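Below are the chains, spelled out letter by letter.
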Amino acid sequence: MTRLPTWGLVVALGSVACTEGAIGSGVEAGATGGEPQTSASGGGASSGSVAGGSSADGAGPSTSSASATATTGSMASAASSGAASSGGGNTVCDQWKAARADLSEGTWSGSLAGCNAGDVSKKGRDNALSLVNLYRAMVGLPAVGLDAGYNDAAQACSLMMHANNQLSHFPPKNWKCYSDLGAGAAGKSNIATTPGVQAVDLYMIDPGNETTIGHRRWILSNSLGPIGLGSTSGFSCMWVIGGGGDAQKEFVAWPPPGQVPIEAWNVAFVSLDSTGWTVQSDSITMSGAKVTVSDGGVDKPVETVELLPNYGSAAAVRFNPKGWKTQAGHTYDVKVTGASKPIGYQVEVVGCP
């Protein structure tokens with residue numbers, strides 16, 4: 001599988017706008033983000049900001065065989081994209097609820113005084129990893145594990161973002177609590193003005209990042225893994241670039257084929273319909289692609305936009321509902337035409353009370 005250029009992402013103030021890999025409200029790649037937000041809306045998720053890695057080489061701390069394995073809280077990938085399993089107690093709702101039963105952030109042992117990066121407790125790191133692997137399982141991708149070196153670098157990155165109360169993929173050396181370790185991670189990570197568990201949901205909705213939806217695409221990348229997770233009480237970094245994954249899935253859609261909880265639309269302060277559904281691929285060219293969505297044989301209007309290449313996948317499109325909202329109990333037939341290969345699948349939206 002061809003290694004993709006390692007551009008990054010940034011999200012700030014809970015909205016996402018991407019240029020050269022930056023996600024944020026008016027935030028350019030590597031530029032600073034805004035003050036963290038604490039108000040809650042959209043399913044109770046707090047607003048926040050995030051950003052993703054950028055670096056040309058993807059090199060980083062060495063991966064030991066022990067640290068590359070999945071830790072407690074990870075989840076085996078589903079047999080098929082988004083499909084509910086037939087075994088008792090293993091439906092998509094059961095999987096969704098199990099992975100989200102504990103969303104606590106754990107505790108941070110560091111402090112800004114003395115620039116002590118400390119660490120996030122095992123519970124917080126495990127819960128964040130569990131969410132990453134929940135989303136990957138739902139699209140039929142293998143679970144990823146953690147790399148101890150990446151964790152350390154992501155922790156140093158989180159301290160820098162917190163100490164300066166802003167986000168940057170290219171933090172200057174005059175930053176408070178600057179370290180080469182943290183700066184290196186900043187260029188290879190999704191970064192957020194929220195702690196690590198909450199950040200995963202924010203990355204998957206990816207508000208304001210209409211040109212790339214890059215955070216989501218990195219989490220759902222064929223090449224992801226192992227990753228690094230670092231978090232303070234208010235900022236976090238997720239090392240995603242330079243992974244050794246090789247899933248070779250022809251395409252990945254979010255929301256995926258099969259059954260999908262309606263709750264997945266509302267895990268952040270804006271809905272998935274607002275930021276857009278996506279289809280990404282490393283082998284199917286999306287130039288000229290158009291998407292149609294129908295519900296019960298009735299076409300539903302959507303806006304189709306080709307996304308910038310090489311953000312976790314070689315190609316991708318997003319499509320946004322126009323004048324309608326996704327509803328539980330409905331099955332949406334999605335067709336992508338005009339790409340180098342046609343794509344078709346159905347999304348069955350279910351409620352998971």
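Everything quoted here is computed from the prediction, not taken from an experiment. (Residues numbered from 1 in each chain as written. Predicted model: local features only at pLDDT ≥ 70, side-chain atom pairs only at ≥ 80, totals over all residues. Heavy atoms only, no water.)

Caption draft 1: Summary view of the packing of aromatic side chains. Tallying each qualifying case throughout the model produces nine aromatic pairs. Taken together, a centroid distance of 5.7 Å and an interplanar angle of 50° make the contact between Trp277 and Phe319 tilted. Of this pair, Trp277 sits in strand β9 (residues 277–281) while Phe319 is found in strand β13 (residues 315–321), placing the two residues 42 residues apart along the sequence. For the ring pair Trp277 and Trp324, a centre distance of 6.4 Å and an interplane angle of 70° mean the geometry is edge-to-face. Of this pair, Trp277 sits in strand β9 while Trp324 sits in the loop between β13 and β14 (331–337), and the two are 47 residues apart along the sequence. Grouping residues by exposure puts Trp277 and Trp324 together as buried. Grouping aromatic residues by their ring pairs yields a cluster made of Trp265, Trp277, Phe319, Trp324 and Tyr332. (Phe/Tyr/Trp six-rings, centres within 6.5 Å; stacked < 30°, edge-to-face > 60°. Helix = DSSP H or I, 4+ residues; strand = E, 2+ residues; numbered from the N terminus. Buried < 20%, exposed > 50% of the residue type's maximum accessible area, 1.4 Å probe, protein only.)

Caption draft 2: Quick look at the environment of Val279. When you line up the elements, Val279 lands in strand β9. Considered as a pair, Val279 and Ala316 are 37 residues apart in the sequence and their alpha carbons are 5.5 Å apart. Leaving out residues up to four positions away in the same chain, Val279 has contacts with Phe251, Val252, Ala253, Met286, Ala315, Ala316, Val317, Phe319, Val336, Ile343 and Tyr345. (Contact = heavy atoms within 4.5 Å.)

Caption draft 3: A look at the state of the cysteines. Within the structure shown, the criterion is met by three disulfides. The partner cysteine of Cys93 in its disulfide is Cys352, sulfur to sulfur 1.9 Å. The S-S bond linking Cys93 to Cys352 shows a torsion near -75°; that makes this disulfide left-handed. In this pair, Cys93 is assigned in helix α1 (residues 92–99) and Cys352 in the segment after β15 (343–350), connecting sequence segments 259 residues apart. On the accessibility criterion, Cys352 (7% relative accessible area) is buried. (Disulfide = S-S within 2.5 Å.)

Caption draft 4: Representation of the sheet that holds strand β11 (residues 298–300) in the model. Across the sheet, which stays open at both edges, the five strands sit in the order β8-β15-β14-β10-β11 with mixed pairing between neighbours. Edge strands, defined here as strands with exactly one partner in the open sheet, are β8 (258–261) and β11. Strand-to-strand, the axes of this sheet are offset by a mean angle of 35°, without reference to chain direction. Alignment of β8 against β15, held across four bridges, turns out to be parallel. Opposite Gly258, over in β15, you have Val347 as the bridge partner. (Pairing = 2+ DSSP bridges. Axes fitted to C-alpha atoms, helices over the stretch in contact; angles between N-to-C directions.)

Caption draft 5: Geometry of the sheet that holds β9. Overall, antiparallel pairing links the four strands, which are arranged β7-β9-β13-β12 in an open sheet. The two strands at the open ends of the sheet, each matched to only one other strand, are β7 (252–254) and β12 (302–306). Neighbour to neighbour, the strand axes of the sheet diverge by 15° on average, direction disregarded. Two elements, β12 and β13, share five bridges in a ladder whose sense is antiparallel. Considered in β13, the bridge of Glu303 is made with Asn320.

Caption draft 6: Inspection of the packing of α1 against helix α2 (residues 122–138) at higher detail. Two numbers describe how α1 lies on α2: the axes approach to 9 Å, and their chain directions differ by 165°. Taken together, α1 and α2 sit at an angle that is classed as roughly antiparallel. Considering the relative orientation of α1 and α2, their crossing is left-handed. Here Gln95, Trp96 and Ala99 of α1 come into contact with α2, specifically with Ser130, Leu131, Leu134, Tyr135 and Met138. A class-by-class count of the residues in the contact of α1 with α2 yields six nonpolar, two polar and no charged. (Parallel < 35°, antiparallel > 145°, perpendicular 65-115°, else oblique. Left-handed = near helix turned anticlockwise from the far one by under 90°. Nonpolar A, V, L, I, M, F, W, Y, C, P; charged D, E, K, R; others polar.)

Remember, this is a structural readout, not a statement about activity or role.
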